[in-house]
Amino acid sequence: MIWTLVSVRILVSSIRICVEFNLAYICRYYTFKMKRIVSCTFLMLFVLAQLNAQRNEYQDEIKIIGDNRYYIEFNSQRQQQISGSAAYPLEAGYLIGFSDSLLSHGQKSISQDSMVWEGLFLQSGKIGLAFYFSAKVPEARYLVELFSARQHKIIGRFTHLSDGYYHVLGPDYSDSTFLRISWKGQGSEIPVRLHHIGVISNPLAEYNFGASGSCNVNVNCAEGSNWQNQKRGVLRILVKQGSALFWCSGSLINNVRQDKTPYVLTANHCGIQSSDDDYLQWAYYFNYESAQCQNPLTEPAYQLITGSQMISSSDNGVEDGSDFRLVLLNQSIPETYNAYFNGWTRSEIIGNSGVTIHHPSGDIKKISTFSSRPVSSGFGQQNNDPSGKYWRVNWTETPNGYGVTEGGSSGSPLFDNNGLITGALTGGNASCSNPEAPDYYGKFSFSWDQNGTEPQHQLRPWLDPDQTDLMLLNGLGEGTDLLMAVFSSDYTEILPDQSIQFSDQSIGDIKGYKWYFEGGTPGASDQSNPGTVRYHSIGAFDVALVVYGDNRKDSLMRESMIKVLPVAVPNPGTRSFELFTGNILPKLFKINIFDVTGRELEFARQDKASGYITLSLLNDYKGMLLVELETEENRMAVKLIIN
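What you are looking at is a predicted structure, and each value in this text was computed from that prediction instead of being measured.

**Quick word on the overall build of the chain**
Assigned secondary structure in the chain consists of 10 helices and 46 strands. The proportion of buried residues among the 643 residues of the chain is 51%. By sequence separation, contacts in the chain at least 24 residues apart represent 68% of the contacts at least 6 residues apart. Working note: accessible area of the chain is about 29,800 Å², and carbon and sulfur atoms make up 49% of it.

**Considerations on the sheet that holds strand β46 (residues 635-642)**
Strand order in the open sheet made by the 3 strands is β42-β45-β46, with antiparallel pairing throughout. Whereas interior strands pair on both sides, the edge strands pair on one side only; in this sheet they are β42 (590-595) and β46. Each neighbouring strand pair of the sheet contributes to a mean axis angle of 25 degrees, computed without reference to strand direction. Relative to β46, strand β45 (residues 623-630) runs antiparallel, the two sharing 8 bridges. Looking at β46, one finds that leucine 626 is bridged to lysine 639.

**With respect to the environment of leucine 615**
Its place among the elements puts leucine 615 in strand β44 (residues 612-617). Residue class for leucine 615 comes out buried when judged on its relative accessible area of 0%. For the pair leucine 615 and phenylalanine 577, spaced 38 residues apart in the sequence, the C-alpha separation amounts to 5.6 Å. Once residues within four sequence positions are removed from consideration, leucine 615 is found in contact with Arg575, Ser576, Phe577, Leu579, Ile591, Ile593, Phe603, Ala604, Arg605 and Val627.

**With respect to the state of the cysteines**
If you walk through the whole model with that rule in mind, you get 3 disulfides. Residue pairing for cysteine 248: its cysteine sulfur links by disulfide to cysteine 270, the two sulfurs lying 1.9 Å apart. Disulfide cysteine 248 to cysteine 270: torsion about the S-S bond roughly -95 degrees, handedness left-handed. Here cysteine 248, found in strand β14 (residues 244-252), pairs with cysteine 270, found in the loop between β15 (263-266) and α7 (276-279); they are 22 residues apart in sequence, far enough to count as distant. Across the pair, cysteine 270 and cysteine 248 agree in class, each one buried.

**Some words on the packing of aromatic side chains**
A complete count under the given rule lists 29 aromatic pairs for this structure. Where tryptophan 344 meets phenylalanine 444, the ring centres are 5.4 Å apart and the plane angle is 20 degrees; that geometry is what we call stacked. Residue tryptophan 344 is found in strand β20 (residues 344-345), and its partner phenylalanine 444 is found in helix α9 (residues 444-449); the two are separated by 100 residues along the sequence. Here the two residues tryptophan 344 and phenylalanine 444 agree in accessibility, since each one is buried. Taken together, the aromatic side chains of Tyr70, Phe98, Phe121 and Phe131 make up a single cluster linked through ring pairs. Arginine 236 extends its terminal NZ or CZ atom over the ring of tyrosine 285, reaching a point 4.2 Å from the ring centre.

**Things to note about the sheet that holds strand β34 (residues 512-517)**
Strands sit in the order β31-β39-β38-β34-β36 across an open sheet of 5 strands; the sheet is mixed. The sheet is open, and its two borders are formed by β31 (493-494) and β36 (524-525), each paired with just one other strand.

**Here we look at the side chain of serine 212**
Looking at the secondary structure, you find serine 212 in the loop between β11 (192-201) and β12 (217-218). A polar contact is formed between the side chain of serine 212 and the side chain of aspartate 363, at a distance of 2.7 Å. Excluding residues that lie within four positions of it along the chain, serine 212 makes contacts with Pro360, Ser361, Asp363, Lys366 and Glu406.

**Considerations on the pattern of salt bridges**
Working definition: two side chains of opposite charge can pair if their charged atoms are close together. Counted under the stated rule, the structure contains 18 salt bridges. Measuring nitrogen to oxygen at the nearest pair gives 2.6 Å for the salt bridge that ties aspartate 278 to lysine 240. A residue pair is termed long-range when its members are at least 10 positions apart, and aspartate 278 in helix α7 and lysine 240 in strand β13 (residues 234-241) qualify at 38 residues. Salt bridges sharing partners connect three or more residues here, namely Asp100, Lys136, Glu189 and Arg193.

**Let's talk about a nonpolar patch on the surface**
Residues Val596, Met624 and Ile641 make up a contiguous nonpolar surface patch of about 260 Å² in total accessible area. Inspection of the secondary structure assignment puts isoleucine 641 in strand β46. On the accessibility criterion, isoleucine 641 (37% relative accessible area) is partly exposed.

**A look at the nonpolar core**
In terms of nonpolar packing, the biggest core is built from 71 residues, with Phe121, Phe133, Ile197 and Phe286 touching the most fellow members. With residues near it in sequence (within four places) discarded, phenylalanine 286 still touches Leu235, Leu252, Tyr302, Gln303, Ile305, Leu329, Ile333, Tyr337 and Ala339. If you look at the next biggest cluster of nonpolar residues, it comprises 38 residues, including Ala568, Val627, Leu629 and Leu640.

Cut-offs applied
- Residues numbered from 1 in each chain as written.
- Predicted model: local features only at pLDDT ≥ 70, side-chain atom pairs only at ≥ 80, totals over all residues.
- Heavy atoms only, no water.
- Helix = DSSP H or I, 4+ residues; strand = E, 2+ residues; numbered from the N terminus.
- Buried < 20%, exposed > 50% of the residue type's maximum accessible area, 1.4 Å probe, protein only.
- Contact = heavy atoms within 4.5 Å.
- Areas by Shrake-Rupley, 256 points an atom, 1.4 Å probe, with all protein chains shown as cover.
- Pairing = 2+ DSSP bridges.
- Axes fitted to C-alpha atoms, helices over the stretch in contact; angles between N-to-C directions.
- Disulfide = S-S within 2.5 Å.
- Phe/Tyr/Trp six-rings, centres within 6.5 Å; stacked < 30°, edge-to-face > 60°.
- Lys NZ or Arg CZ within 6 Å of the ring centre and 35° of its normal.
- Polar contact = N/O pair within 3.5 Å; in protein donor to acceptor, adjacent residues only side chain to side chain.
- Salt bridge = Lys/Arg side-chain N within 4 Å of Asp/Glu carboxyl O.
- Patch = residues over 30% accessible without salt bridge, like charges linked within 9 Å, V, L, I, M, F, W, Y side chains within 5 Å.
- Core = buried A, V, L, I, M, F, W, Y, C linked by side-chain atoms within 4.5 Å.

This is how it looks when you write it as structure tokens:
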């Protein structure tokens, strides 16, 4: 019996080889040798079933749809399995394995002394893709780049010079993501391993990244003007726990030595079952925020660090502990990230005002305000308890919204009126539909040294290693040379000879300005607020701003930001009407007229030097028209009703 099992196992392995490599003579040989043990037909069916099972391991989630193309389909059952436990934070998505054999379907090419691998990943629905890499040939010189194919922008990159063994790129929420791996030398082995793809679910988002409730307030609204230092320390965290992904928030936190040790404070229930290897693949997103008060239409840029190690946590649950977790990033934070290490207080006395800064639903950075003193209580309790381990907080409506918290806000810092961390979010009931419900923050004072006697359950040994017993510590990182050009306008679409008001919203110690207004009057300005700019002709025009500091400058150009549209008069009109295009020669325009079915209509045209064009339909027509004007650079249209 044992020999039979061994023989079958040998046969299975042998047929695996012959099937994989199409070695027919091996198949025939082993089939002849083993036919007394079991039917060859049965064995072949059995083995092929096993091979197909392994080959199709990713069939439901990664489909090969041609050379260089992969299709990722969302698996709702896997997402539901992740979201089944209330003990975890907001589920972000799940990981699917990506084997080296799947890389063979990408496209390899040789460019001079370099090799290049390229792959296009198409995703279904409103999902994002994050790519998890590890070094495979550490001595190789390589560059990995991730692009949003539709938006023609880079999502992220890393090289052989980047810190850490693991790297995460993304997520990218466009419907097509392009991955390129290039390396020096003629070696054909790809020097990095793409071992997982994170499928990030985002079914609520209108603009993919904007999944949080509409009542929330962006951190660069007026409510955040006094918290510009503190916000620079707040991070979005993509937590890896086995094959599950979660969103959390956290904050860089200062230590008494003030040596910029990159500690991050978050909630204990964020990654409560993460392994040491999982921590190495946690992703930390810096400066993921709108540059202005309005929600942006496209996802803003951010900086990213991959990798950390767990330092200490409250290992007692929310009933007996304060739900904190302290992690240490595996690399120092680059100066270009403009990071701020938030200060803290372990006082039991808290002021009657303050804020939390967080990433609800994994969205861009938001701010919520309280204007009544938080109350000491147990988690989820309505009664006051002076010895409680949590601050119970109620939020206040402010001019730009009614900031609350959501899943993904877990671990975010609670700041008192002095800008110091006094707690980290565990959870609560506040939401846009129930903004007056309370939230609960594990007290910093309890997390300091009361979750247990061991260092791995306290903050004190790590934030005060010299045992100075400081009650509070201010933040670290003020006076940095951050400089960021940001601006807005009261309108982006106008008619010829109308004006637009531009407003400077730049950040930093700015010494000088230079504005550029393509097609506008004036065409440039060196004032912080340039006033009104008039546009005399139709078209789509760029706006740019350069801000200058003592030792550096920053610029922002928004292509085709201002659209000056033609106007038809009269409207409603008759078969003969005029288009006003502004102070521009009409002969530069090609004109087409269409009815509502898309049928092109015939017309007569007469150009006038004053910027007017007279158009006369050659046939009777009543209803709505679309008049299209086209130049080499722009195409625009105006609707007109003919009575």
